[in-house]
Amino acid sequence: SQTIHQWPATLVQPVGSPLSLECTVEGTSNPNLYWYRQAAGRGLQLLFYSVGIGQISSEVPQNLSASRPQDRQFILSSKKLLLSDSGFYLCAWSVPGTLKTQYFGPGTRLLVL
Amino acid sequence: AQSVTQLDSHVSVSEGTPVLLRCNYSSSYSPSLFWYVQHPNKGLQLLLKYTSAATLVKGINGFEAEFKKSETSFHLTKPSAHMSDAAEYFCVVSDRRMGGGADGLTFGKGTHLIIQP
């Protein structure tokens, strides 16, 4: 069966510090991968998605970047965090194809102070 | 363009009574529709999915939803609420193709379900 991991689970960082959040998927090959952000009391916003190694698409302009160095690894990064980067970050995967279900990881709670 | 409206930000029911969480959508194409549940500080768990097969979809934990194209609705129901159902519920529509074949999901803002003992 497939599983998706995210770490860390919780992170408190000062403004201006770098960020690296990691997501890995097990039990599947060549998944589509997604990064979402969930701000308090709001729905989910898609930040990045990837259909293959090294292929990253950005949905919204922002202070963050993403990379996919391996088939089942997806990393969310920032060089300098802003207060507005605080939120709950969720990674998801889906099987490539039409209208496939996305399966979500446990999330990382980021608080920027 | 696709959009999702969850008509209630909060719903409160007593344990053992029926649950109704309302969702309306707009889509330019034939969409797939999903309901996800999120417990506090957890990821999203898929409850059920509609993909143009049967219009009444049964999910996990006794939940079901009915796709009504004429009403552009996909309301979530459960006959009898349990305390463990207390969570945030998201209605989601997928009909947007992104580059490379990835699927674009549009999320509703969520409905917070409160279960009274």
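Residues numbered from 1 in each chain as written. Chains lettered and ligands numbered in written order. Predicted model: local features only at pLDDT ≥ 70, side-chain atom pairs only at ≥ 80, totals over all residues. Heavy atoms only, no water.

Quick look at the interface of chain B and chain A now. In this assembly, 26 residues from chain B lie in contact with 24 residues from chain A. Of the roughly 1900 Å² buried between chain B and chain A on both sides combined, carbon and sulfur atoms contribute 53%. Put simply, chain B and chain A have 0 salt bridges between them. Applying the counting criterion to the chain B and chain A interface returns 5 residue pairs in polar contact (both at pLDDT 80 or more). (Contact = heavy atoms within 4.5 Å. Buried area = accessible area lost by both parts, 1.4 Å probe. Salt bridge = Lys/Arg side-chain N within 4 Å of Asp/Glu carboxyl O. Polar contact = N/O pair within 3.5 Å; in protein donor to acceptor, adjacent residues only side chain to side chain.)

Our next topic: the state of the cysteines. Residue and element names in this part refer to chain A. Across all of its chains, the model carries 2 disulfides over all chains by this definition. In this model, Cys-23 is linked to Cys-91 through a disulfide, with the two sulfur atoms separated by 2.0 Å. Across the disulfide from Cys-23 to Cys-91, rotation about the S-S bond amounts to roughly -75°, and the bridge is consequently left-handed. Taken together, the residues span a long stretch of sequence, with Cys-23 in strand S3 (residues 19-26) and Cys-91 in strand S9 (residues 87-94) at a distance of 68 residues. On the accessibility criterion, Cys-23 (1% relative accessible area) is buried. The exposure class of Cys-91 is buried, given its relative accessible area of 0%. (Disulfide = S-S within 2.5 Å. Helix = DSSP H or I, 4+ residues; strand = E, 2+ residues; numbered from the N terminus. Buried < 20%, exposed > 50% of the residue type's maximum accessible area, 1.4 Å probe, protein only.)

Volume-wise, the second largest pocket comes out at about 270 Å³. Around the second largest pocket, the lining is made up of 13 residues, and of these A:Arg42, A:Gly43, A:Leu44, A:Gln45 and B:Lys109 lie nearest the centre. Elements represented by at least two residues in the lining of the second largest pocket include exactly strand S5 (44-52) of chain A together with strand S1 (3-6) and strand S11 (103-107) of chain B. For the lining of the second largest pocket, a count of residues per class yields 4 nonpolar, 6 polar and 3 charged. (1 Å grid on protein atoms, 1.4 Å probe; cavity = no way out; pocket = protein on both sides within 12 Å on 5 of 7 lines; lining within 4 Å. Points joined across faces, edges and corners; volume = space filled by probe spheres on them. Nonpolar A, V, L, I, M, F, W, Y, C, P; charged D, E, K, R; others polar.)

Residue and element names in this part refer to chain A. Reading across the sheet, the 4 strands line up as S1-S3-S8-S7 and stay open at both edges, with antiparallel pairing between neighbours. Only two strands of the sheet have a single neighbouring strand rather than two, namely strand S1 (3-7) and strand S7 (65-70). Strand-to-strand, the axes of this sheet are offset by a mean angle of 20°, without reference to chain direction. (Pairing = 2+ DSSP bridges. Axes fitted to C-alpha atoms, helices over the stretch in contact; angles between N-to-C directions.)

What follows is about the pattern of salt bridges. Residues and elements named next belong to chain B. Inspection of every chain in the model, using the stated rule, returns 5 salt bridges over all chains. Where Arg-22 meets Asp-8, a salt bridge forms, and the shortest distance between an N and an O atom there is 3.0 Å. Here Asp-8 lies in the loop between S1 and strand S2 (10-14) and Arg-22 lies in the loop between strand S3 (19-21) and strand S4 (23-26), a separation of 14 residues in the sequence. Linking Lys-78 and Asp-85 is a salt bridge whose minimum nitrogen-to-oxygen distance equals 2.8 Å. A relative accessible area of 11% means that Lys-78 is categorised as buried.

The quantities given are spatial measurements derived from coordinates; they are silent on function.
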